[in-house]
Amino acid sequence: MTVDGRTTEALTNLEYRLLLLLYGQLGKICDKYQVVEAVWGQDYMDTVDDARIEKLVSRLRAKIEPDPTNPRYLMTLRGRGYKLVGAV
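Right, let's walk through the structure included here. Keep in mind that what you see is a predicted model, and the values were worked out from it rather than measured.

This paragraph deals with the environment of Asp 50. Within the secondary structure, Asp 50 sits in helix 3 (residues 50–64). Spatially, the C-alpha atoms of Asp 50 and Val 36 are 9.8 Å apart, while their sequence positions differ by 14 residues.

Spelled out as C-alpha cells, the structure:
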C-alpha cells in the first residue's frame, strides 16, 4: 500500500479491516461498537475493551501517517470514536 507516494508497511488482517471500515465511512465518525463489529465481529462486543481498540488504531496510524504523533488522516474524536479524513 502507498500513502502520499510512499510505500507503507504491510497491514495485518485487523488493521486492514479497520481501514476498510473507516474508508467506507470516509469523513464520518465510527464509534467503538462499529469498530468492534467490523474488525472482530459481533461475538466480541463484550470482550474487546477500549485499550485494545486504541492499540489497533495506534498501530494503523503508525503505518499510514507521515507523523503518527500529529495525525493527518486517522483522527480520534475523544469520547466519540474515530474517523478517516482525506483519501489514504
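Counting 21 residues, the largest nonpolar core has Leu 18, Val 35, Trp 40 and Ile 53 as its most contacted members. For this core, the secondary-structure elements that each account for two or more residues are helix 1 (13–24), helix 2 (32–39), helix 3 and strand 4 (81–84). Ranked by the residues each element gives to this core, the list is headed by helix 3, at five residues. Excluding residues that lie within four positions of it along the chain, Val 35 makes contacts with Leu 18, Leu 21, Cys 30, Trp 40, Ile 53 and Tyr 82.

Moving on, we get to the packing of helix 2 against helix 3. Axis separation between helix 2 and helix 3 bottoms out at 11 Å; the angle between their running directions is 75°. Taken together, the axis directions place helix 2 and helix 3 in an arrangement best described as roughly perpendicular. Residues Lys 32, Val 35, Val 36 and Val 39 of helix 2 form the contact with helix 3, whose participating residues are Asp 50, Ile 53 and Leu 56. For the contact of helix 2 with helix 3, the residue count by class is five nonpolar, no polar and two charged.

The rules we used
- Sequence positions are assigned chain by chain, starting from 1 and proceeding in written order.
- Only residues with pLDDT of 70 or above have their local features reported here, since the model is predicted, and side-chain atom pairs are shown and tallied only from 80 upward, although totals for entire chains, interfaces and linings are computed over all residues.
- To get the side-chain values, take all heavy atoms of the structure and skip hydrogens and water.
- Per the convention used, a helix needs a DSSP run of H or I reaching at least four residues, while a strand needs a run of E reaching at least two, with both numbered from the N terminus.
- Take the buried residues of types Ala, Val, Leu, Ile, Met, Phe, Trp, Tyr and Cys, join any two whose side-chain atoms come within 4.5 Å, and each joined set is a nonpolar core.
- Only protein chains enter the area calculation, which uses a 1.4 Å probe; residues under 20% of their type maximum are buried, those over 50% are exposed, and those in between are partly exposed.
- Contacts were defined at the residue level, with two residues in contact if any of their heavy atoms lie within 4.5 Å.
- Axis definition: a line fitted to C-alpha atoms, over the contacting stretch in the case of helices. Angles run 0 to 180 degrees between N-to-C directions.
- Orientation is classified from the angle alone, with under 35 degrees giving roughly parallel, over 145 giving roughly antiparallel, 65 to 115 giving roughly perpendicular, and any other angle giving oblique.
- Polar here means any residue other than Ala, Val, Leu, Ile, Met, Phe, Trp, Tyr, Cys and Pro, which are nonpolar, and Asp, Glu, Lys and Arg, which are charged; Gly is therefore polar.

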